[in-house]
Amino acid sequence: PTCRPSVGRLHRHARGRALTVSTHGRTLVRVAPKSTMLSTALLQTWWHVIVGWTMWSLVVAIVGVVLGRRLSLRRKIALATWRDCYQGSIFAKVRCDVTDTLKFIAAERARSPDNKLTLTHVVGYAAGNALAVSPALNGAMAFDTFWPADTADVSFLIDLNGNLASALVRDVGNKSLADVTAELRAGATKARNNKDEDHRKNMDLARALPVPLLRAVFDSVGALAAGVGIGIPSLGVKKRPFGTCIVTSVGMLGVQEAFAPFSGFARVPVLLLIGAVEKTPVVRESADGEPRVEIRDMVTLCATVDHRFIDGADGSYLMRLLRKIVEQPANASASIAAIKAEIDEKEQRRVHRRQARASGDGSGG
């Protein structure tokens, strides 16, 4: 009975003070305040969670090292890149009549034997110019922030005996089609001859790391280099290594249509896949205004667009300009000027509406 605490002391303990039970001036029990007890319990719980997660990661890493030897490099990169599909994407395709484009390509190659112009070069050139006139799409998302790009850069995927490499062409909007063709050819040759030091560093790192650690590297490096635009030379990663658009062709595989998934380390807002060229009956208007059926060379361009950047209305300008340049590459300058004028006019109308609403609110107040 002499050690029993009073009701007042219990109330003070409930309000955050320590409770001491003593007898004859000798402390028998000292109970910490409830807030301290709660904090200690939370810290112990989080400590157990962290230790458990670390041990599980080590187990997964060890298993990955053992079993990862059976995986090809391409499969390791795929496992480290994609997990659950949770991003909002817009899938769009456009059919392009490339009959005149193929004639243009043949004429350019005949005029200069060193000119290795192909349909892939034309599509990449069109994509770069479309991004140059679409600043809302020309950038990357990282840390919940939009990071605009200074130039419209386009990367092209290259098949290296089962593995993939990329050749980046920067500032496509300020280059000619011939410049894009020559720069892409140089980059592809460098990659195929294994002379790309940055690509070699990337592949050595991917071979050395197990899938869980490789996934963490992809996420962090992708956010810094491809998202914010900070190069990491020690890892062979340049600023925005994939630009703001990736172009690849599946037509050489005999595929007419395909859509590519986004990857966390590339962080590009647009992916473009080029299908196979097919002879297709098309209804066209004749000189006398009557419809007639013609056999034309048609190709399908499939685009995967990040919905966080753009909606369908703004994306229509991108696809229209892309189609105009692909179908008439000789008139690319006129097509770009026409789309720019439309975008500027739309922006002016938007500004006028905003000013009208602001003046109306001011007068009403």
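All figures in this text were calculated on a predicted structure; none of them were measured in a lab.

Caption draft 1: Representation of the overall build of the protein in the model. Within the protein one finds ten helices and eleven strands. For the protein, the proportion of its 365 residues judged to be buried stands at 38%. Contacts in the protein between residues at least 24 apart in sequence constitute 62% of all its contacts with a sequence separation of at least 6. Accessible surface for the protein amounts to roughly 21400 Å². Of this, 58% is attributable to carbon and sulfur atoms.

Caption draft 2: Molecular detail of the pattern of salt bridges. Scanning the model with the defined rule gives 17 salt bridges in all. Between K175 and E183 there is a salt bridge whose closest N-O contact spans 2.5 Å. The class for E183 is partly exposed, based on a relative accessible area of 30%. R323 is the partner of E327 in a salt bridge, and the nearest nitrogen-oxygen pair spans 3.3 Å. Of this pair, E327 and R323 both sit in helix α9 (residues 312-327), four residues apart, roughly one helical turn. Here the salt bridges share partners, and the residues they tie into one network are D97, R284, R292, E294 and R296.

Caption draft 3: Representation of the packing of aromatic side chains. Inspection of the entire model under this criterion finds three aromatic pairs. Centroid distance F218 to F265: 4.8 Å. Interplanar angle 40 degrees. Geometry classified as tilted. In this pair, F218 sits in helix α8 (residues 211-228) while F265 sits in the loop between β8 (245-249) and β9 (270-274), placing the two residues 47 residues apart along the sequence. According to the relative accessible area criterion, F218 is buried, its value standing at 15%. Taking the relative accessible area as the measure of exposure, F265 reaches 21% and is therefore partly exposed. Members of the aromatic cluster, connected to one another through ring pairs, are F218, F242 and F265.

Caption draft 4: Main features of the packing of helix α5 (residues 119-132) against helix α6 (residues 177-192). Closest axis-to-axis distance for the α5/α6 pair is 10 Å, and the angle between their directions is 115 degrees. In this structure, α5 crosses over α6, and the sense of that crossing is right-handed. Where α5 approaches α6, its residues H121, V122 and Y125 are matched on the opposing element by L177, V180, T181 and L184.

Caption draft 5: Quick look at empty space enclosed by the protein. One pass over the full model with this rule turns up one cavity of 30 Å³ or more. As a volume, the largest cavity reaches approximately 60 Å³. Lining the largest cavity are A127, A130, L131, C245, V270, L272, A303, L318, M319 and L322. Put simply, the parts of the chain that give the lining of the largest cavity at least two residues each are α5, β9 and α9. For the lining of the largest cavity, the class distribution of residues is ten nonpolar, no polar and no charged.

Caption draft 6: Up close: unusual backbone geometry. In this model, N194 sits at a positive phi of 60 degrees, which is unusual for a non-glycine residue. Tracing the sequence through the fold places N194 in the loop between α6 and α7 (197-208). What makes N194 partly exposed here is its relative accessible area of 47%. A positive phi angle is found at R240, which is not glycine, with a value near 45 degrees. By the element assignment, R240 lies in the loop between α8 and β8.

Caption draft 7: Representation of the pairing of strand β7 (residues 163-169). Where strand β6 (residues 154-160) meets β7, seven bridges bridge the pair, whose relative direction is antiparallel. Each bridged residue has a counterpart across the sheet, and for F156 the counterpart in β7 is A167. If you look at the hairpin formed by β6 and β7, you'll find two residues sitting between the two strands, and N161 has a positive phi there, around 55 degrees.

How each quantity is defined
Residues numbered from 1 in each chain as written. Predicted model: local features only at pLDDT ≥ 70, side-chain atom pairs only at ≥ 80, totals over all residues. Heavy atoms only, no water. Helix = DSSP H or I, 4+ residues; strand = E, 2+ residues; numbered from the N terminus. Buried < 20%, exposed > 50% of the residue type's maximum accessible area, 1.4 Å probe, protein only. Contact = heavy atoms within 4.5 Å. Areas by Shrake-Rupley, 256 points an atom, 1.4 Å probe, with all protein chains shown as cover. Salt bridge = Lys/Arg side-chain N within 4 Å of Asp/Glu carboxyl O. Phe/Tyr/Trp six-rings, centres within 6.5 Å; stacked < 30°, edge-to-face > 60°. Axes fitted to C-alpha atoms, helices over the stretch in contact; angles between N-to-C directions. Left-handed = near helix turned anticlockwise from the far one by under 90°. 1 Å grid on protein atoms, 1.4 Å probe; cavity = no way out; pocket = protein on both sides within 12 Å on 5 of 7 lines; lining within 4 Å. Points joined across faces, edges and corners; volume = space filled by probe spheres on them. Nonpolar A, V, L, I, M, F, W, Y, C, P; charged D, E, K, R; others polar. Pairing = 2+ DSSP bridges.

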